[in-house]
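Next come the chains, spelled out residue by residue.
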Amino acid sequence: KFTIDCQHPADDNILETKDMEKFLVGRIKVDGKTGNLGDMVAVSREKQKIHVSAEAPFSKRYLKYLSKKYLKMQQLRDFLRVVAPNKTSYELRYFNINEDNDEE
C-alpha cells in the first residue's frame, strides 16, 4: 500500500486531489493494459492523501513516474517535486526557492 500526500498544494488550491486520483485510475497499467485495475489495484482518496493498494506486483517508482507525469500535464512540474519521506509514501513539496544572493 502506497500513499501520495498532496497536502501543501491542495491547501493552496493549486492541485485537485480528485483529479489526480482520476488520472491515476486512468493511467495505471496492469498486465500491460491501462484501465485494467479490476481487483488487483485499488485507488482511494482521503482528504489530501491518495492511497494506492495493490495485490499484483506494483512498484513505488511507477507511482512516482505517474505523479510526475500528472504534474507535467498540469504544468506544475516547475514548482512541485515528488519526495519520499518514508518507504511507503510520496509527498508533493514545493521547490525551495531562496533568492539570497549573499555570495556577491
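Please read these numbers as outputs of a predicted model, since none were measured by experiment.

Visitor: Help me understand the pattern of salt bridges, please; the structure alone is not making it clear to me.
Guide: Any two side chains of opposite charge can pair, on the condition that their charged atoms come close. Summed over all chains, the structure comprises three salt bridges. Here Lys18 makes a salt bridge to Glu16, at a shortest N to O gap of 3.5 Å. Between Arg93 and Glu91 there is a salt bridge; the shortest N-O distance is 2.6 Å. When its relative accessible area of 30% is taken as the criterion, Arg93 is described as partly exposed.

Visitor: Would you mind showing me how to read helix H2 (residues 17-27) here?
Guide: Spacing of three or four residues puts side chains on the same side of an α-helix, whose turn is 3.6 residues. Every buried residue of H2 is listed here: Thr17, Met20, Glu21, Phe23 and Leu24. For H2, the arc enclosing every buried residue in end-on projection is 160°, short of the 170-degree limit, so these residues lie on one face. Each element contacted by the buried residues of H2 is listed here: strand E1 (2-5), helix H1 (7-11), strand E4 (41-46), strand E5 (49-54), helix H3 (60-73) and strand E7 (89-94).

Visitor: Just checking my understanding: could you explain the sheet that holds E4 for this structure?
Guide: Hydrogen bonds between backbone atoms are what pair the strands of a sheet, whose relative direction is either parallel or antiparallel. Taken together, five strands build an open sheet; the order of strands is E4-E5-E1-E7-E6 and the sheet is mixed. At either margin of the open sheet sits one strand with a lone partner, and together these are E4 and strand E6 (80-86). Neighbour-to-neighbour, the strand axes of this sheet turn through a mean angle of 20°, independent of strand direction. In this structure, E1 lies alongside E7, joined through three bridges in parallel fashion. Paired with Ile4 across the two strands is Tyr90, which belongs to E7. Each of E1, E4, E5 and E7 touches H2; the most contacted strand, E4, lies at about 180° to it.

Visitor: Would you mind showing me how to read unusual backbone geometry here?
Guide: One can expect most non-glycine residues to show negative phi and most peptide bonds to be in trans. Despite not being glycine, Asn13 has its phi angle at roughly 55°, a positive value. Along the chain, the position of Asn13 falls in the loop between H1 and H2. Positive phi is not limited to glycine here, since Lys47 has a value of about 55°. Within the fold, Lys47 resides in the loop between E4 and E5.

Visitor: What is the right way to look at the environment of Ser89 in this model?
Guide: Note on placement: Ser89 falls in strand E7. Remark: the alpha-carbon pair of Ser89 and Lys60, spanning 29 residues in sequence, is separated by 8.2 Å. Contact partners of Ser89, with chain neighbours within four places excluded, come to Thr3, Lys60, Val83 and Ala84.

Visitor: When you look at the pairing of E5 in this model, what are you seeing that I'm missing?
Guide: Along any regular strand, the residues point their side chains to alternate faces of the sheet. Across four bridges, E1 lies against E5 in antiparallel orientation. Residue pairing for E5: Asp5 is matched across the bridge by Lys49. Relative to E5, E4 runs antiparallel, the two sharing six bridges. Looking across to E5, one finds that Arg45 is bridged to Ile50.

Rules and cut-offs
- Residues numbered from 1 in each chain as written.
- Predicted model: local features only at pLDDT ≥ 70, side-chain atom pairs only at ≥ 80, totals over all residues.
- Heavy atoms only, no water.
- Salt bridge = Lys/Arg side-chain N within 4 Å of Asp/Glu carboxyl O.
- Buried < 20%, exposed > 50% of the residue type's maximum accessible area, 1.4 Å probe, protein only.
- Helix = DSSP H or I, 4+ residues; strand = E, 2+ residues; numbered from the N terminus.
- Arc of directions from axis to C-beta.
- Contact = heavy atoms within 4.5 Å.
- Pairing = 2+ DSSP bridges.
- Axes fitted to C-alpha atoms, helices over the stretch in contact; angles between N-to-C directions.

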